[in-house]
Amino acid sequence: MVKTYTLIGRDGLSYASVTPGAFGGHRGGRLYGRLDCRAALRAIARGGYANQRVFFADEAAAIAAGYRPCAVCLPREYARWKQDRLR
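Residues numbered from 1 in each chain as written. Predicted model: local features only at pLDDT ≥ 70, side-chain atom pairs only at ≥ 80, totals over all residues. Heavy atoms only, no water.

The name an unreviewed UniProt entry gives the protein is Ada DNA repair metal-binding domain-containing protein, with Achromobacter deleyi as the organism.

**Some words on the packing of aromatic side chains**
Given two aromatic rings, one states the distance between the centres and the angle between the planes to describe the pair. Counted by the stated rule, this structure contains three aromatic pairs. Pairing F23 with Y32 gives two aromatic rings, centres 5.9 Å apart and planes at 80 degrees, and the pair type is edge-to-face. Overall, the relative accessible area of 0% leaves Y32 in the buried class. Aromatic pair F56 and Y67: ring centres 4.9 Å apart, planes at 65 degrees, arrangement edge-to-face. Here Y67 lies in the loop between α2 (59-64) and β6 (68-69) and F56 lies in strand β5 (residues 53-56), a separation of eleven residues in the sequence. On the accessibility criterion, Y67 (5% relative accessible area) is buried. (Phe/Tyr/Trp six-rings, centres within 6.5 Å; stacked < 30°, edge-to-face > 60°. Buried < 20%, exposed > 50% of the residue type's maximum accessible area, 1.4 Å probe, protein only. Helix = DSSP H or I, 4+ residues; strand = E, 2+ residues; numbered from the N terminus.)

**Some details on the pairing of strand β4 (residues 31-34)**
For strand β3 (residues 23-26) and β4, the ladder comprises four bridges, and the chain directions are antiparallel. Pairing of G24 across the sheet is with G33, part of β4. Counting the residues that bridge the hairpin from β3 to β4 gives four residues, and of these R30 lies at a positive phi of roughly 50 degrees. The pairing of β4 with β6 spans two bridges and is classified as parallel. Opposite Y32, over in β6, you have P69 as the bridge partner. (Pairing = 2+ DSSP bridges.)

Here you go:
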């Protein structure tokens, strides 16, 4: 049996993939970041975060689905996102 992963696509809908996601996110906060993000790992360890966890194949899919970059693990991308919102 082939292992499958549930990812969120550019349309914001879930789909099965044989390739794991490259980015993780939080459905409630609508943010995404690296899988090794210290803020996300800390939140997961505290509990309550995992049930809102989502995964994306790539950064473009996360952005297209309406998620913003994490300020902790993607500070440059976050600064660019924030600056774009002010325009």
